[in-house]
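A look at the structure
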Amino acid sequence: MPFPFSAIVGQDEMKRALLISAVDPRIGGVMVFGDRGTGKSTAARALSALLPPMQAIAGCRYNCAPEEADRCPDKCAEKKGVKTAKVPVPFVDLPLGATEDRVLGALDLERALGRGEKAFEPGLLARAHRGYLYIDEINLLEDHLVDLLLDVAASGENLVEREGLSVRHPARFVLIGSGNPEEGELRPQLLDRFGLSVEVKTPQDLEQRIEIMRRCDALERDGAAFAADWAEADAKIVKRLAKGKKALPNVAMPESTLTDAATLCMAVGADGLRGELTLMRAARAFAALEGAKSAERKHLRAVAPMALRHRLRRDVLDETGSTVRIDRALTELFG
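One structure accompanies this document, and this report is about it. (Residues numbered from 1 in each chain as written. Predicted model: local features only at pLDDT ≥ 70, side-chain atom pairs only at ≥ 80, totals over all residues. Heavy atoms only, no water.)

This part is about the overall build of the chain. Within the chain, the secondary structure is distributed over 13 helices and eleven strands. For a compact globule of 335 residues, the expected C-alpha radius of gyration is about 20 Å, and the chain comes in at 21 Å, within 12% of that figure. Taken along the three principal axes of its C-alpha coordinates, the chain extends 70 × 50 × 45 Å. Every one of the 335 residues in the chain was classed for burial, and the buried ones make up 47%. Residue pairs at least 24 apart in sequence account for 76% of intrachain contacts in the chain once pairs closer than 6 positions are excluded. Accessible area for the chain stands at about 17000 Å²; split by element, carbon and sulfur atoms hold 51% of it. (Helix = DSSP H or I, 4+ residues; strand = E, 2+ residues; numbered from the N terminus. Rg over C-alpha atoms; globule rule 2.2 N^0.38 Å. Buried < 20%, exposed > 50% of the residue type's maximum accessible area, 1.4 Å probe, protein only. Contact = heavy atoms within 4.5 Å. Areas by Shrake-Rupley, 256 points an atom, 1.4 Å probe, with all protein chains shown as cover.)

Encoded structure:
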């Protein structure tokens, strides 16, 4: 039984980043760096379990929505008596040892050898469509796989051309990576392509640590009762997410907020323009989550560290760290 999202103690920035990515998956995924055993995977699984079931074509291997039936490689639109069903939002774990074939999909060897048919066996990307793809210790995954995943996450499509097969299928998912920087760093070129980056640390507050133990103990003793205790709080988050997703297209983006975003990115020396674009999308998603009609400076400030800290060049004259540099720039620019 997954740990209830609302029962996670502390780690507010990580929870906020996950909720923002749920409101607007176009932001480009979340990278969570931090100490081992600080709830990184627990939070990702909890969010997935929290989301209401989605409508999909019954039995579709690609989790296609009814409106995507004509694009499905299994030609769901042409099948007679196709039904739809509500299915859980997929949460797919990508193991470190996964091969490219398992991730992308490959020739179905059983059908090829048994029946002489050339057919495609969907991979993990198809299973993750419309849900979450989670990679623990992503910093230890081979670079070419991370590159490939980020390409698919950005395009929303997976194109496989091999062994005489050419298959294209939708693959829209929220990529969540986590890792401990002490065990290896993710190349800056790859890290920059994640929308948001958050840092989690081992809690140093005594009361907080005791409360974590209490809640974990309660879950282990009676998971059903523990889940029931937090059901109302989780339901409020579901309602907030649903309102946010619905409001997102109508949240205004004033010129002043765009100016603030560009000014901040120039002040901290963020590489490229992904910083501004992510700031804009994240501020709008956060405003929608908060029930605001327009994205204002306060929303921008709240998301700036998670949108920019992984895009800053190292400054040999300033070793205070990216988060401190962003906070300092926010104070100098906006008070």
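Our focus in this paragraph is the environment of L141. With respect to the helices and strands, the residue L141 is situated in the loop between β7 (132–136) and α6 (143–155). In this structure L141 comes out as buried when scored by relative accessible area, which is 4%. Residues L141 and A242, 101 residues apart in the sequence, show an inter-C-alpha distance of 34 Å. Leaving out residues up to four positions away in the same chain, L141 has contacts with L94, P95, L96, I135, V146 and L149.

Another point: the environment of H169. For H169, the position within the fold is in strand β9 (residues 165–170). When the C-alpha atoms of H169 and R301 are compared, they prove to be 37 Å apart, with 132 residues separating the residues in sequence. Not counting chain neighbours up to four residues away, the residues in contact with H169 comprise Y62, P73, L104, F120, L125, A126, G156, E157 and N158.

A few words on the sheet that holds strand β10 (residues 174–179). The five strands lie next to each other as β4-β7-β10-β1-β11, forming an open sheet whose pairing is parallel. Each edge of the open sheet carries a strand with a single partner, namely β4 (91–93) and β11 (196–200). The sheet shows a mean angle of 20° between the axes of neighbouring strands, direction not considered. As paired strands, β4 and β7 are joined by three bridges and run parallel to one another. The residue of β7 that forms the bridge with V92 is L133. (Pairing = 2+ DSSP bridges. Axes fitted to C-alpha atoms, helices over the stretch in contact; angles between N-to-C directions.)

Turning our eyes to something else, we now look at the side chain of Q11. Positionally, Q11 belongs in the segment before α1 (12–23). Residues contacting Q11, with those up to four places away along its chain left out, are T38, V200 and K201.

On to the packing of helix α12 (residues 297–308) against helix α13 (residues 322–334). Direction vectors running N to C along α12 and α13 enclose 155°, while the axes themselves pass 10 Å from each other. Classified by the angle their axes make, α12 and α13 are roughly antiparallel. Here the hand of the crossing between α12 and α13 comes out right-handed. Contact residues: α12 offers R297, R301, A304, P305 and L308, while α13 offers I326, D327, L330, T331 and F334. For the contact of α12 with α13, the per-class residue count stands at six nonpolar, one polar and three charged. (Parallel < 35°, antiparallel > 145°, perpendicular 65-115°, else oblique. Left-handed = near helix turned anticlockwise from the far one by under 90°. Nonpolar A, V, L, I, M, F, W, Y, C, P; charged D, E, K, R; others polar.)

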